[in-house]
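Coordinates in review
So you can see what is in the structure, the chains are spelled out below.
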Amino acid sequence: MTYNEIIKEARTALGGKLCKACDECNGRACRNMIPGPGAKGIGDTAMRNYDAWRKVRVKMDTICSKQAVDMSVEMFGHRFMYPFFAAPVGAVNIHFGEKYDDRRYNDIMVRACAEAGIAAFTGDGVLDEVVPMACESIGRNGGMGIPTIKPWDSETVKKKMKYATDCGAIAIAMDVDAAGLPFLRNSNPPAGSKNVEELREIIMAAGRPFVVKGIMTVRGAEKAIEAGAAAIVVSNHGGRVLDQCEATAEVLEEITTAVGGCCKVLVDGGIRSGVDVFKALALGADGVLICRPMVVAAFGGAEDGVKCYIRKIADELQDTMEMCGAASLSQITRDMVASPF
C-alpha cells in the first residue's frame, strides 16, 4: 500500500462531503466547513498555519560524516521512535464521515501508532462515551496514548480523568483552546477557560504528566508551567476556535526561547511532512502533532494506512536530517533553517 493509494481510497471512504482528502492538505478546500475538518470564520487560520511552514526554509549541508540517523525522543517517561504524534480527534463520524465511530477510529489510531513506536493523543466530545471509548483503546495498548479532555466544568473533568488514569495512560492532556467551541460555552454547568489555580487543581488530580494544548503566547506558556504542566502544545486548534489568529510557526520560536527547558514543547497546525517536522525542531520544539493527514490515512487504509503515513513522515525527516548534517534530534539546530518570523 502506497500513500497515493491511501489518499485515493480515503476519497471514496470520506465521500467528499466533509474532508476532501486533498493531495495537499492546506485548508483551502474545506475552509470554514464545520462540521467537517475546516476552520472557524473565513477559514483563514488553518490556511495560515500551512502557509507559514512553507515560509521556513531548510539549509542544506552535506559536508559531514556519514552516520546512522537517530530520530528517537524521550518524553513522558518513554522513548519514542520519532518526534511526532497523532493529534486528538473526537466525534470523528460527525467531522469526517460515517465509516468509523470513535471506538473504531481510536482502535485503529492508538494501535497503529503504538506498533509504529509513537503515541496517539485521543479526543473528546459532547457524547459521554467518547473519552471512555478512547481510554479503552489506550488500555488495550499498554497505556500508550494520551487522552485529551476538553475544559469542561470541574465534575465532568474529574469523571473523564478517571477513565484516563484507570486505563494507565502515559499522560493526560487538556485542549484549553477548546474554550472557543460553541458547545462548551453553552454547556450546563458552564465550561470553558481555566485560570491558573483551576488548571493547577486539575493537573494535581491527574497524578501523571499533564499536557496543556492550545498555547499561542509566551504568557500563556508561562501560566501553563506555573500550573504544573509537564508539556505544552503550541496550537490554535487548527483554526477551529478563533478566526484570523497567528500561525503556530509564527509564534513557536518566541515561546521555545522563553520556556524551552522548563517543559516539553510540542506544536501542531499545518505540519504536513517530515521536512516540516525538522523545521519545528530547529525552531525549538521537542516534537509535533499531526491531525488531518493522520485521519485521512486511517480512512484510507485503517492501521496499515496510518503506519504507511508514519513511515512516510519518518523517511522525510531522516532524509532532511541527513541532508542538513544532523545525526540525532539534539544535533538539529536553529542555524539549519531560515525563518522570516
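The shown structure was predicted, so the numbers you read here are calculated from the model rather than taken from an experiment.

Focus on the overall build of the protein chain
Helices and strands together make up the secondary structure of the protein chain, namely twelve helices and twelve strands. In terms of C-alpha radius of gyration, the protein chain reaches 19 Å, essentially the compact-globule figure of 20 Å for 341 residues. Its C-alpha atoms give the protein chain principal-axis dimensions of about 60 × 45 × 40 Å. Nonlocal contacts in the protein chain, meaning residues at least 24 apart in sequence, comprise 72% of its contacts between residues at least 6 apart.

Some thoughts on the environment of Ile271
Here Ile271 shows up in the loop between strand E10 (264–267) and helix H11 (274–282). For Ile271, a relative accessible area of 0% gives the class buried. A sequence separation of 246 residues divides Ile271 from Cys25, and the C-alpha atoms of the two residues are 9.4 Å apart. What Ile271 contacts, discounting residues up to four positions off in sequence, is Trp53, Asp276, Val277, Val288, Leu289 and Ile290.

Looking at helix H2 (residues 44–55)
Spanning twelve residues, H2 covers 16 Å between terminal C-alpha atoms, matching the ideal 16 Å at 1.5 Å per step. By the burial criterion, the buried members of H2 are Thr45, Ala46, Met47, Asn49, Tyr50, Ala52 and Trp53. Next to the buried residues of H2 lie helix H10 (248–259), E10, H11 and helix H12 (292–324).

Here's the deal with the pattern of salt bridges
Where charged atoms of side chains with opposite charge meet at close range, the side chains can pair. Enumeration over the complete set of coordinates arrives at 22 salt bridges. For Lys66, the salt bridge goes to Glu322, with nearest N and O atoms at 3.8 Å. On the criterion of sequence distance, the pair formed by Lys66 in the loop between strand E1 (57–58) and strand E2 (73–75) and Glu322 in helix H12 is long-range, its members being 256 residues apart. Taking the relative accessible area as the measure of exposure, Lys66 reaches 72% and is therefore exposed. Relative accessible area serves as the criterion here: at 27%, Glu322 is assigned to the partly exposed category. Within this structure, Arg54, Asp276 and Lys279 form a network of salt bridges that share partners.

Considering the side chain of Asp102
On the secondary structure map, Asp102 appears in helix H4 (residues 102–116). Among the polar contacts made by the side chain of Asp102, one reaches the main-chain amide nitrogen of Ala91 at a distance of 3.0 Å. Setting aside chain neighbours within four positions, we find Asp102 in contact with Val89, Gly90, Ala91, Val92, Asn93, Val130 and Met133.

As for the environment of Asp243
You can see Asp243 is positioned in the loop between strand E9 (231–234) and H10. A sequence separation of 200 residues divides Asp243 from Gly43, and the C-alpha atoms of the two residues are 6.7 Å apart. In this view, Asp243 contacts Lys40, Gly41, Ile42, Gly43, Asp44 and Thr45; residues no more than four positions away in its chain are not counted.

Some points on the packing of aromatic side chains
In total, this model carries five aromatic pairs according to the counting rule given. Judged by centre distance (5.5 Å) and plane angle (35 degrees), the ring pair of Tyr3 and Tyr309 falls under tilted. Here Tyr309 lies in helix H12 and Tyr3 lies in helix H1 (residues 3–14), a separation of 306 residues in the sequence. The class of Tyr309 is buried, set by a relative accessible area of 1%. In this arrangement the basic side chain of Arg54 is found over the ring face of Tyr50, its NZ or CZ atom lying 4.2 Å from the centre. Above the plane of the ring of Tyr3 lies Lys312, whose end atom (NZ or CZ) is 5.0 Å from the centre.

Quick notes on unusual backbone geometry
The omega torsion of the bond from Ile34 to Pro35 falls at 0 degrees, within 30 degrees of zero and hence cis. Here the phi dihedral of Phe76 falls at roughly 55 degrees; this positive angle occurs in a residue that is not glycine. Considering the arrangement of structural elements, one finds Phe76 in the loop between E2 and strand E3 (78–80). The phi dihedral of His237 falls on the positive side, at around 60 degrees, and the residue is not glycine. Inspection of the secondary structure assignment puts His237 in the loop between E9 and H10. Residue classification places His237 among the buried positions, given a relative accessible area of 13%.

Rules and cut-offs
- Residues numbered from 1 in each chain as written.
- Predicted model: local features only at pLDDT ≥ 70, side-chain atom pairs only at ≥ 80, totals over all residues.
- Heavy atoms only, no water.
- Helix = DSSP H or I, 4+ residues; strand = E, 2+ residues; numbered from the N terminus.
- Rg over C-alpha atoms; globule rule 2.2 N^0.38 Å.
- Contact = heavy atoms within 4.5 Å.
- Buried < 20%, exposed > 50% of the residue type's maximum accessible area, 1.4 Å probe, protein only.
- Expected span 1.5 Å × (residues − 1).
- Salt bridge = Lys/Arg side-chain N within 4 Å of Asp/Glu carboxyl O.
- Polar contact = N/O pair within 3.5 Å; in protein donor to acceptor, adjacent residues only side chain to side chain.
- Phe/Tyr/Trp six-rings, centres within 6.5 Å; stacked < 30°, edge-to-face > 60°.
- Lys NZ or Arg CZ within 6 Å of the ring centre and 35° of its normal.

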